[in-house]
Amino acid sequence: MPLRDEDTESIAFFQNRGTWLALYPRDALAVDVGISSEGSGFSSVTLAHNVRTKSEVDELLHVAVEVGAIRVKPAADTFWRSVKGINILNCVYHAQGVTLPVAFEIVRKTIEFTDERSGQTRRRSELTKNELMRRMLSVCVHNRVEFSYVLADSWFSSKENMEFIRDELGKQFVIALKSNRTETLSYESKRQGSFQRIDTLDLPEGEPVRVWLRGLDFPVLLLRQVFTNADGSAGTLYLACSELDEGGETICAIYHRRWKVETFHKTLKSNAALAKSPTKTVRTQSNHFFMAIYSAARLEWMGVRHGLNHFALRTRIYLKAVRHAFEELQLLKAA
């Protein structure tokens, strides 16, 4: 069966191994090529080659002309510009063993710019990921989601996020820090501007130390945690906690719950088919993402009800669907 996109209803897509076959009205295809559809001069077949950036389009056309191709028209934007590789941010709520999505944001890279180093054309979002994170947290508060801590990795460890969580939302946080983050052990040293990298401190493992991070107007607890990677190598994790009365074990236990968002992302990909959408435009992809997140939430609810994990539930649903399809097939044969 063909795959259709509601934003380009006149096109039918057929997915093959590594390629796509698209059926498009002959007259419209001729207009796109820039020649007349009358007579035998138009074969009604075109070959499309997709690349990541506009600069790659120019490079590819240059190579094609060098090997003998004839440039019929210059490269130009098309109305069906597809969207690929969208970044998505998720905010999940975890309590009493249950993890549910409470907010999400799609990073819409609508602004084109030229990279100064590479000279390539790239795209960026009007809002940064940190701004989107703060917007998600505001949505959670507006929707009266009751929570005490915000947990995040080092990508979201900006001082603006920390100030927003503590001062504007009135919540606490445990956020991972990059090893090059700078701090000082006293307010006097902070006033003098005497800071040093956190990875140069002789911090005892698992014991929080009160520090002042550069740019932050309030102190936090800094904790160093050493862990073993899958390959046997040792890694170091630095955590900043805004609650100054928490102990090291409690901070580590709280931050460990952040892993629930990684589990949620895994079920989005493996059980809710997030990355297997045939959609090509912003609107249709946004709809697909929402339904994938909704499906993951339903799986979580069903898992609580039946005492099964998401993978076991998916297998059960799949087997039930196959069994039902087989029964329908038997009925059709008997008819």
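Up top is the structure.
Since the structure is predicted, the reported quantities are computational estimates derived from the model, not experimental observations.

Note on aromatic pairs: each is described by the distance of the centres and the angle between the planes. One pass over the structure, following the stated rule, counts 2 aromatic pairs. Ring geometry for Y187 against W212: centres 5.1 Å apart, planes inclined by 55°, an arrangement best described as tilted. Here Y187, found in helix 5 (residues 187–192), pairs with W212, found in strand 12 (residues 209–213); they are 25 residues apart in sequence, far enough to count as distant. On the basis of relative accessibility, which here comes to 45%, the residue Y187 falls in the partly exposed class. Over the face of the ring belonging to F218 we find R166, whose NZ or CZ atom lies 4.1 Å from the ring centre. Over the ring of W155 we find K178; its NZ or CZ atom is 5.3 Å from the centre of that ring.

Tallying each qualifying case throughout the model produces 7 salt bridges. Among the salt bridges present, the one from R123 reaches E112, with a minimum N-O distance of 2.8 Å. Pair noted here: R123 is in strand 7 (residues 121–124) and E112 is in strand 6 (residues 111–114), with a separation of 11 residues, a long-range link. The exposure class of E112 is partly exposed, given its relative accessible area of 37%. Between E262 and R258 there is a salt bridge, with its nearest N and O atoms 3.2 Å apart. On the basis of relative accessible area, R258 is assigned to the buried category, the value being 15%.

As a further point, take the sheet that holds strand 10 (residues 182–184). Taken in spatial order, the 7 strands make up an open sheet running 8-9-14-13-12-10-11, and their pairing is mixed. The outermost strands of the open sheet, each flanked by one partner alone, are strand 8 (149–152) and strand 11 (196–197). Two elements, strand 8 and strand 9 (residues 172–177), share 4 bridges in a ladder whose sense is parallel. Paired with V150 across the bridge in strand 9 is F173. Each of strand 8, strand 9, strand 13 (220–228) and strand 14 (234–241) is contacted by helix 6 (residues 248–256), which is oriented at about 70° to strand 13, the strand it contacts most.

Mapped onto the elements of the fold, E163 is located in helix 4 (residues 159–168). Although E163 is buried, it forms no salt bridge, and the closest oppositely charged side chain is K159 at an N-O distance of 4.1 Å. Residue contacts for E163: discarding those within four places in its chain leaves E168, G215, L216, D217 and F218.

Strand direction decides the pairing type here: strand 4 (residues 87–95) and strand 5 (residues 98–107), joined by 9 bridges, are antiparallel. Paired with A95 across the two strands is V98, which belongs to strand 5. Between strand 4 and strand 5, which pair antiparallel and follow one another directly, the connecting turn spans 2 residues, one of which, Q96, has a positive phi of 55°.

Sheet topology places strand 10 next to strand 12; 2 bridges connect them, and they run antiparallel. Each bridged residue has a counterpart across the sheet, and for E183 the counterpart in strand 12 is L213. Judged from the 3 bridges that link them, strand 12 and strand 13 form a sheet pairing that is antiparallel. Residue pairing in the sheet places V211 in a bridge with V220 of strand 13.

So, about a nonpolar patch on the surface. On the surface, F290, M291 and Y294 cluster together into a nonpolar patch covering about 320 Å² of accessible area. Inspection of the secondary structure puts F290 in helix 8 (residues 282–306). You can call F290 partly exposed: its relative accessible area is 45%.

What follows concerns the packing of helix 8 against helix 9 (residues 310–334). One can describe the packing of helix 8 onto helix 9 by two numbers: an axis separation of 9 Å at closest approach and a directional angle of 95°. Judged by the inter-axis angle, helix 8 sits roughly perpendicular to helix 9. The residues of helix 9 that touch helix 8, namely those facing A296, L299, E300, M302, G303 and H306, are H310, L313, R316 and I317.

Spanning 25 residues, helix 9 covers 36 Å between terminal C-alpha atoms, matching the ideal 36 Å at 1.5 Å per step. One side-chain oxygen at the N-terminal end of helix 9 lies 3.1 Å from the backbone nitrogen of F311; it belongs to N309.

Attention now goes to the nonpolar core. If you look at the biggest cluster of nonpolar residues, it comprises 32 residues, and the most contacted ones within it are L137, M162, F173, L177, L213, V220 and L222. Of all the elements, helix 3 (residues 129–142) adds the most residues to this core, at 5 residues. Excluding anything up to four places from it in sequence, L213 contacts M162, L177, R181, T182, E183, F195, V220 and A240. Counting 10 residues, the second largest nonpolar core, distinct from the first, contains V174, L221, C252 and Y255.

What counts, and where the lines are drawn
Residues numbered from 1 in each chain as written. Predicted model: local features only at pLDDT ≥ 70, side-chain atom pairs only at ≥ 80, totals over all residues. Heavy atoms only, no water. Phe/Tyr/Trp six-rings, centres within 6.5 Å; stacked < 30°, edge-to-face > 60°. Helix = DSSP H or I, 4+ residues; strand = E, 2+ residues; numbered from the N terminus. Buried < 20%, exposed > 50% of the residue type's maximum accessible area, 1.4 Å probe, protein only. Lys NZ or Arg CZ within 6 Å of the ring centre and 35° of its normal. Salt bridge = Lys/Arg side-chain N within 4 Å of Asp/Glu carboxyl O. Pairing = 2+ DSSP bridges. Contact = heavy atoms within 4.5 Å. Axes fitted to C-alpha atoms, helices over the stretch in contact; angles between N-to-C directions. Lys, Arg positive; Asp, Glu negative; His and termini not counted. Patch = residues over 30% accessible without salt bridge, like charges linked within 9 Å, V, L, I, M, F, W, Y side chains within 5 Å. Areas by Shrake-Rupley, 256 points an atom, 1.4 Å probe, with all protein chains shown as cover. Parallel < 35°, antiparallel > 145°, perpendicular 65-115°, else oblique. Expected span 1.5 Å × (residues − 1). Polar contact = N/O pair within 3.5 Å; in protein donor to acceptor, adjacent residues only side chain to side chain. Core = buried A, V, L, I, M, F, W, Y, C linked by side-chain atoms within 4.5 Å.

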